Protein chains: 2
Amino acid sequence: MNFLEERIIKDAVVKPGNVLKVDSFLNHQMDIELMDRMGEEFYNRFKDAGVTKVLTIEASGIAIACSVARCFGVPMVFAKKSKSVNIDGDVFVAEVESFTHKNVNKVIVSKKFLKPEDKVLIIDDFLANGCALQGLISITESSGAKVVGLGIAIEKGFQIGGRVIRNLGYKLESLAIVDEMDAEKGTIKFREQ
Amino acid sequence: MNFLEERIIKDAVVKPGNVLKVDSFLNHQMDIELMDRMGEEFYNRFKDAGVTKVLTIEASGIAIACSVARCFGVPMVFAKKSKSVNIDGDVFVAEVESFTHKNVNKVIVSKKFLKPEDKVLIIDDFLANGCALQGLISITESSGAKVVGLGIAIEKGFQIGGRVIRNLGYKLESLAIVDEMDAEKGTIKFREQ
């Protein structure tokens, strides 16, 4: 087991409905040392990709993305969830369905911050159905920039997102892939990587 | 002028309606080196306060709060904007009016992450009418924890928030206080501190 898998076993809580609560260290209260260790790990996995920007989506991806961007010495951009129906022409837009909130958000990135010459590393805390990542890929490619990789803290391996994105040919690295979990027994099974 | 004021002069854009756009380095695209420099500055200003937790509100406060929490070696907690009307008993709640979006959000923090023994440093990127900060103060004090300070990147000195919070007796430190700005001329006047 790697450091993140160990931390999940120690502090995550499995809830009914395939919910994995990691709010004590990853997406509500944040352990900054863990963020930095993940940042270094993503740096090691993507250091030859020529990354010029790190892109994530608000809110819980921001902390990890900051740690990653620090390692690469590049800016971090986060896509904003937009409530307004009228989006002006200065932004790239994608529609993203939320697994947690069961709704659809428009997410936007200002055109100023993604350029055709950019090599973008997309970072997020969770991957389930993959809608958020597909939105970030779509936004990046609308700009003419290249997605050089995607880094995820925790992938739910029993949902479709990871397979879809790998099938599309992207280099997707998840630090922990949960293949099974059982709320009654409180057990979590990780994929061997 | 300090480093943040210099950066504002260099890269911020003044828009009509007292809008200060700092999205190229502070709240959409993030300059991580600047975040870290702000983190160190807040550490210097609050290092004797016994800080045990850094608290912010999603989304754009998260990056600065991470840098601050790293300097103190403590966890960072971010308050979540909640759409659900039914809030269960496991969270502290406050209502926060958004200056930018002209709406009211419930913001919540899980009761697990604020305890009576905590000494909380509240961090945010902007201070205007002070509603977000008042919500974070209210949440902290509901938990029995103590607010030992508040650190803001940019305060709009011509709005009421800063005065309200200082009048309540809190130690509020803003790295840059904008007292006047002029969209037509593009000028910004900072308060001498």
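Basis of the calculations
Residues numbered from 1 in each chain as written. Chains lettered and ligands numbered in written order. Predicted model: local features only at pLDDT ≥ 70, side-chain atom pairs only at ≥ 80, totals over all residues. Heavy atoms only, no water. Contact = heavy atoms within 4.5 Å. Buried area = accessible area lost by both parts, 1.4 Å probe. Salt bridge = Lys/Arg side-chain N within 4 Å of Asp/Glu carboxyl O. Polar contact = N/O pair within 3.5 Å; in protein donor to acceptor, adjacent residues only side chain to side chain. Helix = DSSP H or I, 4+ residues; strand = E, 2+ residues; numbered from the N terminus. Phe/Tyr/Trp six-rings, centres within 6.5 Å; stacked < 30°, edge-to-face > 60°. Buried < 20%, exposed > 50% of the residue type's maximum accessible area, 1.4 Å probe, protein only.

1. Focus: the interface of chain A and chain B
- Each side of the interface is counted separately: chain A has 32 residues, and chain B has 32 residues.
- A combined buried area of about 2600 Å² lies between chain A and chain B, and 59% of that area is made up of carbon and sulfur atoms.
- Among the residues chain A hides against chain B, the three largest losses belong to A:His28, A:Gln29 and A:Ile32. Together they make up 26% of the total.
- Where chain A meets chain B, there are 4 salt bridges.
- With a shortest N-O distance of 3.0 Å, B:Asp23 and A:Lys112 are connected by a salt bridge.
- Across the chain A-chain B interface, the total number found is 14 residue pairs in polar contact (both at pLDDT 80 or more).
- Among the secondary structure elements, those contributing two or more residues to the side of chain A that touches chain B are β3 (29-30), α2 (32-46), α3 (61-72), β5 (76-82) and β7 (103-110) of chain A.
- It is α3(A) that contributes the most residues to the side of chain A that touches chain B, 6 residues altogether.

2. Examining the packing of aromatic side chains
Residue and element names in this part refer to chain A.
- Following the criterion strictly, the structure yields 2 aromatic pairs over all chains and no others.
- With a centroid separation of 4.9 Å and 65 degrees between ring planes, the pair formed by Tyr-43 and Phe-72 is classed as edge-to-face. Residue Tyr-43 is located in helix α2, and its partner Phe-72 is located in helix α3; the two are separated by 29 residues in the primary sequence.
- Judged by its relative accessible area of 30%, Tyr-43 falls in the partly exposed class.
- Given the relative accessible area of 15%, Phe-72 is considered buried.

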